[in-house]
Amino acid sequence: MRCRSPAQPAKASGWRSPLNEPALHVAGLSHRWGAKLALDEVGFTLPAGRFCALLGPNGAGKSTLMAVLTGLIRPRPGVVTVEGVDMGRAPRKALAGIGVVFQQPTHDLDRTVAANLRYFAALQGLARRETEGRIAEALTRLGMAERAGEKVGKLNGGHRRRMEIARALLHRPKLLLLDEPTVGLDAPARAAITAHVHDLTATGITVLWATHLVDELHDSDEMVLLHRGTVAATGAIGQLRGEVPLADWFLARTGAAA
Ligand SMILES: Nc1ncnc2c1ncn2[C@@H]1O[C@H](COP(=O)(O)OP(=O)(O)OP(=O)(O)O)[C@@H](O)[C@H]1O
């Protein structure tokens, strides 16, 4: 099992980044929305360079967890570290290592793909002389290089999403967080995006992909199963499901169709 619960000793791990720290470590994390306990003592550890699904039915707490991991909610109580940097103590440094694709798209439809990325490069504080190279690099990784000059409003939904993922890579993050990034897309666009993002891990990026759609996942992927705000299972998907189809495995543990 690779995505480990905090009960397992970290020192026994071989899944460390070159800095000898896990890509992401979460421990004892709880969050309340008023009376609703959305996260209840959540804990897991992600190895570097892996694709990990944050799988859970509607209302499981995925978006709440993403809000903590992206710095929108302070981890209290709980600890979040990104390559060993404590999100609570050094949020800017921790966030500098993270790329984020939120569930709701954000882009300027009247400007070109490159112009949208230039704007974000400036927000990230990238030097101008570096910007064009970074944009080309990020778009190439998502198979979008030839669309740099197209207006975003002319792109289909899948290409707009790919542009947003490229945008999240401009500052070369080690950890990429995506919150249900394929919502509303057709099957070919979903397949293309999941394939591109799986490929990113070959370059050492760690991916945390929140979803409730099991057809986006591979047996070799890691998984954190979130159910009613708690971690119900962690590990390699193929090992967890055994011979059982993943949709059936998911239904048996959550009572929800995938
Ligand atoms: N801003 C909020 N205020 C109050 N309750 C909230 C808020 N956001 C989420 N919740 C509640 O917290 C619980 C977890 O919600 P969350 O959106 O994190 O789950 P999710 O797994 O992302 O679900 P979905 O797949 O439907 O987006 C739910 O019961 C939800 O109603």
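Everything quoted here is computed from the prediction, not taken from an experiment.

*Asks:* Mind showing me how you'd approach the site of the ligand here?
*Replies:* Near the ligand you find 13 residues, and of these Trp-33, Asn-58, Lys-62, Ser-63 and Thr-64 are the closest. Looking at the shell around the ligand, the elements that each hand over two or more residues are strand E2 (36-46) and helix H1 (62-69). Per element, the largest residue contribution to the shell around the ligand is three residues, and it comes from H1. Taken together, the residues of the shell around the ligand sort by class into three nonpolar, eight polar and two charged.

*Asks:* Help me understand the packing of helix H3 (residues 113-123) against helix H4 (residues 128-141), please; the structure alone is not making it clear to me.
*Replies:* If you want to describe how two helices pack, look at the angle between their axes and the distance between the axes. Interhelical geometry of H3 versus H4 gives an angle of 120 degrees and a closest axis separation of 10 Å. One finds that H3 runs oblique with respect to H4. Both H3 and H4 take part in a crossing whose hand is right-handed. Contacts between H3 and H4 involve Ala-114, Leu-117, Arg-118 and Ala-121 from the former and Thr-131, Arg-134, Ile-135 and Ala-138 from the latter. Residue composition of the contact of H3 with H4, by class: five nonpolar, one polar and two charged.

*Asks:* Where do I start with the UniProt feature "domain: ABC transporter" (unreviewed entry) in the protein chain in this structure?
*Replies:* Mapped onto the present numbering, the UniProt feature "domain: ABC transporter" (unreviewed entry) falls at residues 24-253. Structurally, residues 24-253 is divided into 34% helix and 26% strand, and its ends, taken at the C-alpha atoms, are 25 Å apart.

*Asks:* Explain the environment of Leu-170 here, please?
*Replies:* Its location among the elements puts Leu-170 in the loop between helix H5 (157-168) and strand E7 (175-179). Measuring from C-alpha to C-alpha, the distance between Leu-170 and Leu-29 comes to 29 Å, with 141 residues separating the pair along the chain.

*Asks:* Hey, could you run me through the packing of H3 against H5 in this one?
*Replies:* The N-to-C vectors of H3 and H5 enclose an angle of 30 degrees; their axes lie 10 Å apart at closest approach. In terms of their interaxial angle, H3 and H5 are classed as roughly parallel. Two packed elements cross with a definite hand, and for H3 against H5 that hand is right-handed. Here Val-113, Asn-116, Leu-117 and Phe-120 of H3 lie close against H5, whose contacting residues are Met-163, Ala-166 and Arg-167. For the contact of H3 with H5, the per-class residue count stands at five nonpolar, one polar and one charged.

*Asks:* Could you clarify how one ought to interpret the sheet that holds E2 in this entry?
*Replies:* The strands making up a sheet associate through hydrogen bonds between their backbones, and the pairing can be parallel or antiparallel. Reading across the sheet, the four strands line up as E2-E1-E4-E5 and stay open at both edges, with antiparallel pairing between neighbours. The sheet is open, and its two borders are formed by E2 and strand E5 (85-86), each paired with just one other strand. The strands that H1 touches are strand E1 (24-33), E2 and strand E4 (79-82); relative to E2, the one it contacts most, it runs at about 65 degrees.

*Asks:* Would you mind showing me how to read the domain arrangement of the protein chain here?
*Replies:* According to the domain assignment, the protein chain consists of domain 1 (1-97 + 173-258) and domain 2 (104-172). The C-alpha-based centres of domain 1 and domain 2 are spaced at 25 Å. In this assembly, 11 residues from domain 1 lie in contact with 13 residues from domain 2. Broken down by element, the residue count for the side of domain 1 that touches domain 2 peaks at six residues, all from helix H6 (residues 187-200). By residue class, the composition of the side of domain 1 that touches domain 2 is nine nonpolar, two polar and no charged.

*Asks:* For this particular structure, what's the right way to read H5?
*Replies:* Helical geometry note: an α-helix holds 3.6 residues per turn, so side chains three or four residues apart project in the same direction. Its 12 residues give H5 an end-to-end C-alpha distance of 17 Å, which sits within 8% of 16 Å, the value for a rise of 1.5 Å per residue. Counting buried positions over the 12 residues of H5 gives nine, a clear majority of the element. Here H5 has its buried residues at His-159, Arg-161, Arg-162, Met-163, Glu-164, Ile-165, Ala-166, Arg-167 and Ala-168. The elements touched by buried residues of H5 are strand E6 (98-101), H3, H4, E7 and H6.

*Asks:* Help me understand the sheet that holds strand E8 (residues 206-211) in this model?
*Replies:* Judged by pairing direction, the sheet is mixed, and its six strands sit side by side in the order E6-E7-E8-E3-E9-E10 without closing on themselves. At either margin of the open sheet sits one strand with a lone partner, and together these are E6 and strand E10 (230-236). Across the sheet, the mean angle separating the axes of adjacent strands is 15 degrees when strand polarity is ignored. The pairing of E7 with E8 spans five bridges and is classified as parallel. Opposite Leu-178, over in E8, you have Trp-209 as the bridge partner. Sheet contacts for H1: strand E3 (51-55), E7, E8 and strand E9 (222-227); angle to E7, the most-contacted strand, approximately 145 degrees. Set on the sheet, H5 makes contact with E6 and E7; between it and E6 the angle comes to about 160 degrees.

What counts as what
Residues numbered from 1 in each chain as written. Predicted model: local features only at pLDDT ≥ 70, side-chain atom pairs only at ≥ 80, totals over all residues. Near = placed C-beta within 6 Å. Helix = DSSP H or I, 4+ residues; strand = E, 2+ residues; numbered from the N terminus. Nonpolar A, V, L, I, M, F, W, Y, C, P; charged D, E, K, R; others polar. Axes fitted to C-alpha atoms, helices over the stretch in contact; angles between N-to-C directions. Parallel < 35°, antiparallel > 145°, perpendicular 65-115°, else oblique. Left-handed = near helix turned anticlockwise from the far one by under 90°. Contact = placed C-beta atoms within 7 Å. UniProt positions renumbered as here; feature names shortened; annotations may be inferred. Pairing = 2+ DSSP bridges. Domains from an automatic or database assignment. Expected span 1.5 Å × (residues − 1). Buried ≥ 20, exposed ≤ 12 C-beta atoms within 10 Å, placed from the backbone.

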